[in-house]
Amino acid sequence: AADSTAEVQGIVDAYQAILANADGTANNATSPSAADYTKLGVTGIDTAAELGLLGDVIDGKTAADVATPAALQALADAAAATVAYDGTNTAPTQAQLEALGVTGLTADNLAAVLAAIDAANSDGTPIASLADLQGVAATAAAALTTISAYAQDGGGTAPVAADYTAAGVTGI
């Protein structure tokens, strides 16, 4: 609870940092700090990768998208779940990934995208930006499309080992 002028001012300043970032235009603002989120009661942003991803996500949002503590917490939870996902814990949901701004997700390609997120996070450098996350998702979805089209039609571009890897298929 904020019980001093300085604490109230800290909360106001933290929310102003978030609103300055949430101007609806991606990649044009300074991301809020971990301390800013903490002052607003947002939890779960414990690593640089989580902080980077959440900052990138908020940068592309509007002020209305982050107008409540619950909205900020939902985005923080989605960012934390995505960065922490390593195939052995709870995966981010399709709704969480879409809330972060990932496009091109379907029920059919979600498993491949999650496998790609697992691989990206498990290589020692977790996903730390929305561009990284979208790139991983798009690559996995495209690889799955290539494999599926070739398997169904027997034509088109023959998948290569990298396609299977990007789609999360192992043992090839």
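Peer 1: Whenever I open this one, the overall build of the protein confuses me. Can you help?
Peer 2: Regarding its fold elements, the protein presents eight helices and zero strands. Taken from N to C terminus, the helices and strands of the protein fall in the order α-α-α-α-α-α-α-α. Dimensions along the principal axes, computed over C-alpha positions, put the protein at roughly 70 × 30 × 25 Å. Buried positions account for 34% of the 172 residues belonging to the protein. Restricting to contacts in the protein with at least 6 residues of sequence separation, those with at least 24 account for 58%. As displayed, the protein offers around 8,600 Å² of accessible surface, 57% of which is attributable to carbon and sulfur atoms.

Peer 1: For this particular structure, what's the right way to read the nonpolar core?
Peer 2: Taken as a class, soluble globular proteins show a tendency for nonpolar side chains to be buried jointly. Among the nonpolar cores identified, the biggest contains 35 residues, and Leu54, Ile58, Leu97, Ile117 and Leu133 are the most heavily contacted of them. Looking at this core, the elements with two or more residues in it are helix H1 (5-21), helix H3 (48-59), helix H4 (69-84), helix H5 (94-100), helix H6 (110-122) and helix H7 (130-153). Once you skip the residues sitting within four places of it in the chain, leucine 54 turns out to touch Tyr37, Ile45, Leu75, Ala76 and Ala79. Listed in part, the five residues of the second largest apolar core include Ala112, Ala143, Ile147 and Ala166.

Peer 1: Would you mind going over the environment of alanine 22 with me for this structure?
Peer 2: Mapped onto the fold, alanine 22 is located in the loop between H1 and helix H2 (34-39). Residue classification places alanine 22 among the buried residues on the basis of a relative accessible area of 3%. Taking C-alpha positions, alanine 22 is 8.7 Å from valine 57, a pair spaced 35 residues apart along the chain. Residue contacts for alanine 22: discarding those within four places in its chain leaves Ile58, Lys61, Thr62, Ala63 and Val66.

Peer 1: Help me understand the side chain of aspartate 36, please; the structure alone is not making it clear to me.
Peer 2: Note on placement: aspartate 36 falls in helix H2. Notably, aspartate 36 is buried but unbridged: the nearest opposite-charge side chain belongs to lysine 39, and the N-O separation is 4.9 Å. A distance of 2.9 Å separates the side chain of aspartate 36 from the backbone nitrogen of serine 33, its partner in a polar contact. Sequence-distant contacts of aspartate 36, defined by excluding residues within four places in its chain, comprise Ala14 and Ala17.

Peer 1: What is the right way to look at the packing of H6 against H7 in this model?
Peer 2: Axis angle and axis distance: for two packed helices, these are the angle between their axes and the distance between the axes, and together they describe the pair. Their axes nearest at 8 Å, the elements H6 and H7 cross at an angle of 130°. Considering the angle they form, H6 stands oblique to H7. Relative to H7, the crossing made by H6 is right-handed. In contact with Ala112, Val113, Ala116, Ile117 and Ala120 of H6, H7 contributes Leu133, Val136, Ala137, Ala140 and Leu144. Of the residues contributing to the contact of H6 with H7, the split by class is 10 nonpolar, no polar and no charged.

Peer 1: Sorry if this is basic, but what is going on with H4 here?
Peer 2: In an α-helix there are 3.6 residues to a turn, and that puts residues three or four apart on one side. In this model, H4 (16 residues) spans 22 Å end to end at C-alpha, consistent with the 22 Å of a helix rising 1.5 Å per residue. Among all positions in H4, only Leu72, Gln73, Leu75, Ala76, Ala78, Ala79, Ala80, Ala81, Thr82 and Val83 are buried.

Peer 1: Explain the side chain of serine 129 here, please?
Peer 2: Looking at the element boundaries, serine 129 is found in the loop between H6 and H7. For serine 129, a relative accessible area of 14% translates into the label buried. One polar contact links the side chain of serine 129 to the main-chain amide nitrogen of aspartate 132, over a distance of 3.0 Å. Apart from residues no more than four positions distant in its own chain, serine 129 is found in contact with Leu53 and Asp56.

Peer 1: For this particular structure, what's the right way to read the confidence of the model for the protein?
Peer 2: A low pLDDT score tells you not to read the predicted coordinates there in detail. Summarising the model, the protein shows a mean pLDDT of 91, and 99% of its residues fall at 70 or more. Mean pLDDT across the secondary structure elements of the protein bottoms out at helix H8 (residues 161-166), with 84, and peaks at H5, with 98.

The rules behind these values
The numbers attached to residues start from 1 for each chain and follow its sequence in the written order. Selection of residues for local features in this predicted model requires a pLDDT of at least 70, selection of side-chain atom pairs for listing and counting requires 80 or more, and totals for whole chains, interfaces and linings are taken over all residues. With hydrogens and water stripped out, all remaining heavy atoms of the structure feed into the side-chain values. Strands here mean DSSP runs of E at least two residues long; helices mean DSSP runs of H or I at least four residues long; both are numbered from the N terminus. Exposure is judged per residue with a 1.4 Å probe applied to protein chains only, and the accessible area is read against the type maximum: over 50% gives exposed, under 20% gives buried, and values in between give partly exposed. It only takes one pair of heavy atoms within 4.5 Å for two residues to be counted as in contact. Note on areas: Shrake-Rupley with a 1.4 Å probe; residue coverage comes only from the protein chains shown. As used here, the term nonpolar core means buried Ala, Val, Leu, Ile, Met, Phe, Trp, Tyr and Cys residues forming a set that is joined through side-chain atoms within 4.5 Å. Charged-residue counts in this description rest on Lys and Arg as positive and Asp and Glu as negative, His and the chain ends being excluded. Whenever a carboxyl oxygen of Asp or Glu lies within 4 Å of a side-chain nitrogen of Lys or Arg, that contact is scored as a salt bridge. Two N or O atoms count as a polar contact when they lie within 3.5 Å, although within protein this holds only if one can serve as hydrogen donor and the other as acceptor, and sequence-adjacent residues are included solely when both atoms are side-chain atoms. All axes are obtained by fitting lines to C-alpha atoms, using only the stretch in contact for helices, and the reported angles, taken between N-to-C directions, cover 0 to 180 degrees. The labels follow the angle: roughly parallel below 35 degrees, roughly antiparallel above 145, roughly perpendicular from 65 to 115, and oblique for the rest. By definition, turning the near helix anticlockwise from the far helix through less than a right angle yields a left-handed crossing, and turning it clockwise yields a right-handed one. Under this grouping Gly is polar, as are all residues other than the nonpolar Ala, Val, Leu, Ile, Met, Phe, Trp, Tyr, Cys and Pro and the charged Asp, Glu, Lys and Arg. Take the number of residues in a helix, subtract one, and multiply by 1.5 Å to get its expected span. On a range of 0 to 100, pLDDT expresses the predictor's confidence in each residue.

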